[in-house]
Amino acid sequence: MSTALFAVLGAIIIIALASYAGFLLIRLKKQKHLIQIQQQRAIEQRNSNIFESVYTLCMAGIQQQCDLSEIVIRVVCIMDYVQGEQRVDFSVDYPAINELYHSVKDMARGEDRQTLNKQDRMKQTLTRQKTESRLTTTILDELANLKQSIQSLNNKIDIKMV
C-alpha cells in the first residue's frame, strides 16, 4: 500500500512540475512576442524621426537654402540609418542624387577643406560646381519625389509601454 501511495504522490508531483513548466513556457512565448513588438515600434519611431529630418533637408534643397552637394551628402548618410522595408536604394530610385553623392563624398569638408592648399581646394570646388550645375534640375525633381515618398512612409506612432 505504501508503494501505491508513493506512486500516486510521485505522479502528482510530476503533473504539478509539468504544469508549472508549461505555464513558464507560455509566459516566455508572450514575453518574446512583446519584446518583438516593442523592437518593431522602436524601429518605426526611429525611422519616423529620420524621415522628418530628411523631409526638412529636402525642403531646404528644393528651396535652395543650401548647396545641393551638402543636402545630398546629408540625405544619403541619414537615410542609410533607415531600418526595415522602408530602406531606399539611391542608385536605383534617385540616380542623380546618387551620382552627385559619389562625386563629392570623398571631397574635403569643414576644417579638412581649410587645410588643403588653394589649388586643390579650387579643383574640388570646380568639380563640385560642374557636377551640381549639370544635375541641378534632376536633383531638385528627385528631392521633390523623395520628399513625397518620405511623407507617405512617415507614419507617426505613439510609443506605449506594454
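Residues numbered from 1 in each chain as written. Predicted model: local features only at pLDDT ≥ 70, side-chain atom pairs only at ≥ 80, totals over all residues. Heavy atoms only, no water.

Structural notes on the packing of helix α4 (residues 95-104) against helix α6 (residues 118-153)
Where α4 meets α6, the axes come as close as 8 Å, and the angle between the chain directions of the two elements is 150°. On the basis of their axis angle, the class for α4 and α6 is roughly antiparallel. Viewed along their axes, α4 and α6 form a crossing whose handedness is left-handed. Judged by residue contacts, P95, A96, I97, E99, L100, S103 and V104 of α4 engage R128, T131, E132, R134, L135, T138, I139, E142 and L143 from α6. When its residues are assigned to classes, the contact of α4 with α6 shows eight nonpolar, three polar and five charged. (Axes fitted to C-alpha atoms, helices over the stretch in contact; angles between N-to-C directions. Helix = DSSP H or I, 4+ residues; strand = E, 2+ residues; numbered from the N terminus. Parallel < 35°, antiparallel > 145°, perpendicular 65-115°, else oblique. Left-handed = near helix turned anticlockwise from the far one by under 90°. Contact = heavy atoms within 4.5 Å. Nonpolar A, V, L, I, M, F, W, Y, C, P; charged D, E, K, R; others polar.)

Describing the nonpolar core
Ranked by internal contacts, the top residues of the largest apolar core, which has 29 residues, are V54, V75, M79, F90, I97, I139 and L146. Counting residues per element, the ones that place at least two in this core are α1 (2-62), α2 (68-79), α4 and α6. Tallying contributions element by element places α2 first for this core, with seven residues. Excluding its chain neighbours within four sequence positions, the residues that come into contact with V54 are V75, I78, M79, L146 and I150. (Core = buried A, V, L, I, M, F, W, Y, C linked by side-chain atoms within 4.5 Å. Buried < 20%, exposed > 50% of the residue type's maximum accessible area, 1.4 Å probe, protein only.)

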